[in-house]
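Here is what each chain is made of, one letter per residue.
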Amino acid sequence: MPDFTPRVFSGIQPSGGLTLGNYLGAMKRFVDMQNDGAYETIYCMVDLHAITTWQDPAKLVAATRELCAGFIATGIDPEKSILFNQSQVAEHAQLGWIFSCVARMGWMQRMTQWKDKAGKNAQNASLGLFGYPALMAADILIYHATHVPVGEDQKQHLELTRDIAIKFNNDYGVEFFPVTEPVIEGAATRVMSLRDGSKKMSKSDPSDASRINLTDDADAIAQKIRKARTDPKPLPSDLEGLEDRPEARNLVNIYAALADTSPEAVIRDHAGQQFSTFKPSLADLAVAKLAPISTEMQRLTADPAEIDRLLARGAQRARALAEPVLKRTYEIVGMVGA
Ligand code: AQP
């Protein structure tokens, strides 16, 4: 394999507001990797993915701008990182088609996100939702990205991205696409719903109480944490004591990720506490970390023209990287005129 430039790509769907899950599982680490200095970093609002389920057009526009504001408010610097929305760089969809011809139906049918999202109504789900992982592979590989920071739920899709790169390289006898490394790290790689410790915190959950939105104000954050489902027992003195206590484990993980410490340290500091004591500490911490993000998002979304300008500039920079990769892919595949 040739030496690929260390390059990070990751995306978030503008399919609703940002949650604490997106922040801790993904965005906080996007910022760390940007500031690390070891990588080129590319972050994307994946609006083509969002429409795999119905999106009201006006709301999609607003959600994309709000997501851009969220990236910047959490610490992404549009000068240091390339920040743009997917539909402005046509090469994603073009490479996505090639990868739809590389990926196999059986691979897609095994995807748990497809099974979860399509549910019992798979015949009525969009073809785009089924093919989602092929477009995701294109999002990553059109930049020859080597590292992809994501939450735990995306692990299977990243394995499929690796399979697509390997199969493409094998089928065409080239070493063109890198085999990307997933980066799934930290105390909160899977933040769970505040109402049900067995379900992922998700922006499309019908219950607003199940999640903390990055746009929530201090009162809403504190109230949601106060009302979060827990069990009647106090916090244990070690992590083993959290086994079979998913809601308690979730709150400890959230605390650890917000405080940039480990779940072990949180348990050590709060051992024996009742939730009536732990929850207010967690609420104070969450408000201290999240309220400034919410305020900054409000400030940025008040100027949509500036956001659109930033996104157009980011798309231009992204296209400069994507164009030669697509051209070479077309040559490899045998497209006349590539
Ligand atoms: N609960 C979570 N815990 C940790 N990481 C999470 N991520 C999402 N939810 C959690 C990570 O955020 C990134 C962007 O995800 P996405 O919004 O594009 O899609 P998703 O994973 O499908 O997130 P949602 O909130 O569940 O969206 P909807 O409801 O629209 O399907 C990814 O890195 C993801 O791992």
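## Some points on the environment of Pro-280
For Pro-280, the location among the structural elements is in helix α12 (residues 275-301). In sequence terms Pro-280 and Ala-222 are 58 residues apart; their C-alpha atoms lie 7.5 Å from each other.

## Focus: the layout of surface pockets
For the largest pocket, the calculated volume is near 1,100 Å³. Put simply, the parts of the chain that give the lining of the largest pocket at least two residues each are β1 (7-12), α1 (20-36), α6 (112-118), α7 (127-141) and β4 (147-149). Classifying every residue of the lining of the largest pocket gives 15 nonpolar, 19 polar and 9 charged. By volume, the second largest pocket amounts to about 390 Å³. Taken together, the elements giving at least two residues each to the lining of the second largest pocket come down to α4 (91-102), α5 (105-109) and α7. Broken down by element, the residue count for the lining of the second largest pocket peaks at 7 residues, all from α7. Considering only residue class, the lining of the second largest pocket consists of 10 nonpolar, 5 polar and 1 charged.

## Some details on the domain arrangement of the protein
One can read the domain layout of the protein as domain 1 (7-189 + 303-333) and domain 2 (208-299). Here domain 1 and domain 2 have C-alpha centroids that lie 29 Å from each other. Across the boundary between the two partners, domain 1 contributes 15 residues, which contact 18 residues of domain 2. Contact between domain 1 and domain 2 buries roughly 1,300 Å² in total, counting both sides, with carbon and sulfur atoms accounting for 75%.

## Focus: the nonpolar core
With 59 residues, the main nonpolar core has Phe-71, Leu-258 and Leu-290 as its most contacted residues. No other element matches the 10 residues that α12 contributes to this core. Each of domain 1 (7-189 + 303-333) and domain 2 (208-299) accounts for three or more of the residues forming this core. Not counting residues up to four positions away in its chain, the partners in contact with Phe-71 are Ile-12, Met-27, Phe-30, Tyr-43, Cys-44, Met-45, Ile-76 and Leu-83.

## Here we look at the pattern of salt bridges
Applying the stated criterion across every chain, the model contains 16 salt bridges. The salt bridge partner of Glu-40 is Arg-7, with a shortest N-O separation of 2.8 Å. With Glu-40 in strand β2 (residues 40-45) and Arg-7 in strand β1, this pair connects stretches of sequence that are 33 residues apart. The shortest N-O distance in the salt bridge between Asp-153 and Lys-200 comes to 2.8 Å. Of this pair, Asp-153 sits in the loop between β4 and α8 (155-172) while Lys-200 sits in the loop between β5 (181-183) and α9 (218-226); the two residues are 47 residues apart in sequence, bridging distant segments of the chain. Since its relative accessible area comes to 26%, Asp-153 is described here as partly exposed. Judged by its relative accessible area of 32%, Lys-200 falls in the partly exposed class. A single salt-bridge network, built from bridges that share partners, covers Asp-208, Arg-211, Asp-216 and Lys-224.

## Comments concerning empty space enclosed by the protein
Tallied over the full model, the rule gives 3 cavities of 30 Å³ or more. Taken as a whole, the largest cavity encloses approximately 50 Å³ of empty space. Within the residue set of the lining of the largest cavity, elements represented by two or more residues are α6 and α7. When residues in the lining of the largest cavity are grouped by element, the largest group, 4 residues, is from α7. When its residues are assigned to classes, the lining of the largest cavity shows 6 nonpolar, 2 polar and no charged.

## Observations regarding the packing of helix α10 (residues 246-258) against α12
Two elements in contact, α10 and α12, have axes whose closest approach is 10 Å; the angle formed by their N-to-C orientations is 35°. As α10 packs across α12, the resulting crossing turns out to be left-handed. Along its contact with α10, which presents Ala-248, Leu-251, Val-252, Ile-254, Tyr-255 and Leu-258, the element α12 presents Phe-275, Phe-278, Lys-279, Ser-281, Leu-282, Leu-285, Ala-286, Lys-289 and Leu-290. Of the residues that constitute the contact of α10 with α12, the class distribution is 12 nonpolar, 1 polar and 2 charged.

## Brief notes about the site of the ligand
Close to the ligand lie 22 residues; Lys-117, Asp-153, Ser-202, Lys-203 and Ser-204 are nearest. Ser-202 is positioned such that a nitrogen or oxygen atom in its side chain is 2.7 Å from an oxygen atom of the ligand. For the ligand, the protein covers 96% of the area, taking 640 Å² as the surface of the free molecule. Judged by the fraction of its atoms near the pocket grid, the ligand is located in the largest pocket. The dominant element in the shell around the ligand, judged by the number of residues it contributes, is α1, at 4 residues.

## Here's the deal with the side chain of Gln-113
Tracing the backbone through its elements, the reader meets Gln-113 in helix α6. The buried category is assigned to Gln-113, whose relative accessible area is 13%. Engagement of the side chain of Gln-113 in a polar contact is seen with the side chain of Gln-154, the distance being 3.3 Å. Once residues within four sequence positions are removed from consideration, Gln-113 is found in contact with Tyr-132, Asp-153, Gln-154, Gln-156 and His-157.

Reading the values: rules and limits
Residues numbered from 1 in each chain as written. Predicted model: local features only at pLDDT ≥ 70, side-chain atom pairs only at ≥ 80, totals over all residues. Heavy atoms only, no water. Helix = DSSP H or I, 4+ residues; strand = E, 2+ residues; numbered from the N terminus. 1 Å grid on protein atoms, 1.4 Å probe; cavity = no way out; pocket = protein on both sides within 12 Å on 5 of 7 lines; lining within 4 Å. Points joined across faces, edges and corners; volume = space filled by probe spheres on them. Nonpolar A, V, L, I, M, F, W, Y, C, P; charged D, E, K, R; others polar. Domains from an automatic or database assignment. Contact = heavy atoms within 4.5 Å. Buried area = accessible area lost by both parts, 1.4 Å probe. Core = buried A, V, L, I, M, F, W, Y, C linked by side-chain atoms within 4.5 Å. Buried < 20%, exposed > 50% of the residue type's maximum accessible area, 1.4 Å probe, protein only. Salt bridge = Lys/Arg side-chain N within 4 Å of Asp/Glu carboxyl O. Axes fitted to C-alpha atoms, helices over the stretch in contact; angles between N-to-C directions. Left-handed = near helix turned anticlockwise from the far one by under 90°. Near = heavy atom within 4 Å. Polar contact = N/O pair within 3.5 Å; in protein donor to acceptor, adjacent residues only side chain to side chain. Areas by Shrake-Rupley, 256 points an atom, 1.4 Å probe, with all protein chains shown as cover. Sits in = over half its atoms within 2 Å of the grid points.

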